[in-house]
Amino acid sequence: MMKKFTVLTVVYAAIVAVLLTFSTASSAKKRCKPLLEKLHNIQATQRKSYSLKRGQTLRAKEDKARDKWWQCENSSLASFKSKYGTKKKKSKKKSKKKVLASKSTYYTKMNKEILNSSKQRVTFNQDSVIVIKAKYQGDKRLAWLKFYQQPMKCQSPKNLNVFAYCTEDKLQKQGLFEQKYSR
């Protein structure tokens, strides 16, 4: 009788242990599914093109989301709630104004950060005068403007071949102008 009792007890204990393990694992999967989806969304965003700063932000978000998901998978519901709390999802869709406001807020914050970070900002001497000089100055410039007539197709070149033709034409005419003007 003792052998039957201990064997049955061991079998029942094993079945209970398997059921408890399976039920907590499946409930953890259900409980942590939104966190896993959030992680996958961040990773999908990372596969698209973005700036260096945005990449660093996405990396930090990915690390945080992965840690949170991993903690959810490997802890009980009570300990997870005590550490991270619970957030209720809003089922209402955001209006276009709110979406635009949130986007502009993000870019406004980025612009403020850029303006406030003096280490990254490259400045130039604003007290000095900026001078843009043409190839020719004074009387020689007037003579060049009378001499050079730009072809019509060079007014707004549509492809690279036309642009190359216009550049070569201008260089050839500059050579002719130099020869005639120096005489």
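Residues numbered from 1 in each chain as written. Predicted model: local features only at pLDDT ≥ 70, side-chain atom pairs only at ≥ 80, totals over all residues. Heavy atoms only, no water.

**Q** I tried to follow helix 6 (residues 160-182) on my own but got confused; where do I start?
**A** One turn of the α-helix equals 3.6 residues, which is why residues spaced by three or four share an orientation. In this model, helix 6 (23 residues) spans 33 Å end to end at C-alpha, consistent with the 33 Å of a helix rising 1.5 Å per residue. Buried within helix 6 are the following residues: Val-162, Cys-166, Asp-169, Gln-174 and Phe-177. If you follow the buried residues of helix 6, they end up packed against helix 5 (138-147). Between the side-chain oxygen at the start of helix 6 and the backbone nitrogen of Asn-161 there is a gap of 3.2 Å, and the oxygen is on Asn-159. (Helix = DSSP H or I, 4+ residues; strand = E, 2+ residues; numbered from the N terminus. Expected span 1.5 Å × (residues − 1). Buried < 20%, exposed > 50% of the residue type's maximum accessible area, 1.4 Å probe, protein only. Contact = heavy atoms within 4.5 Å. Polar contact = N/O pair within 3.5 Å; in protein donor to acceptor, adjacent residues only side chain to side chain.)

**Q** Please clarify how the nonpolar core should be interpreted in this entry.
**A** Considering soluble globular proteins, one finds that nonpolar side chains tend to be buried as a cluster. Of all hydrophobic cores here, the largest spans 8 residues; its members are Cys-32, Leu-35, Leu-39, Ile-42, Leu-58, Ala-65, Trp-69 and Cys-72. Looking at this core, the elements that each hand over two or more residues are helix 1 (2-46) and helix 2 (52-73). (Core = buried A, V, L, I, M, F, W, Y, C linked by side-chain atoms within 4.5 Å.)

**Q** Even after reading the chapter, I still don't get the side chain of Glu-62, so can you show me in this structure?
**A** Structurally, the position occupied by Glu-62 is in helix 2. With residues near it in sequence (within four places) discarded, Glu-62 still touches Leu-39, Ile-42, Gln-43 and Gln-46.

**Q** Got a minute to help me understand the packing of aromatic side chains in this structure?
**A** Where two aromatic rings form a pair, the distance of their centres and the angle of their planes describe that pair. Under the criterion given, the structure shown has 8 aromatic pairs. Seen from their ring centres, Tyr-136 and Trp-144 are 5.6 Å apart, and the 50° between their planes marks the pair as tilted. Tyr-136 gets classed as buried once you look at its relative accessible area, which sits at 4%. Among the aromatic residues, ring-to-ring pairing joins Tyr-136, Trp-144, Phe-147, Tyr-148, Phe-177 and Tyr-181 into one connected group. A cation sits over an aromatic face here: Lys-153 above Tyr-165, 4.2 Å from the ring centre. (Phe/Tyr/Trp six-rings, centres within 6.5 Å; stacked < 30°, edge-to-face > 60°. Lys NZ or Arg CZ within 6 Å of the ring centre and 35° of its normal.)

**Q** Looking at this structure, how should I read the confidence of the model for the protein?
**A** Atomic detail in the predicted coordinates should be set aside for any region of low pLDDT. With 64% of its residues at a pLDDT of 70 or more, the protein has an overall mean of 77. Mean pLDDT in the protein bottoms out at helix 4 (residues 96-116), which sits at 60, and peaks at helix 6, which reaches 91. (pLDDT = per-residue confidence, 0-100.)

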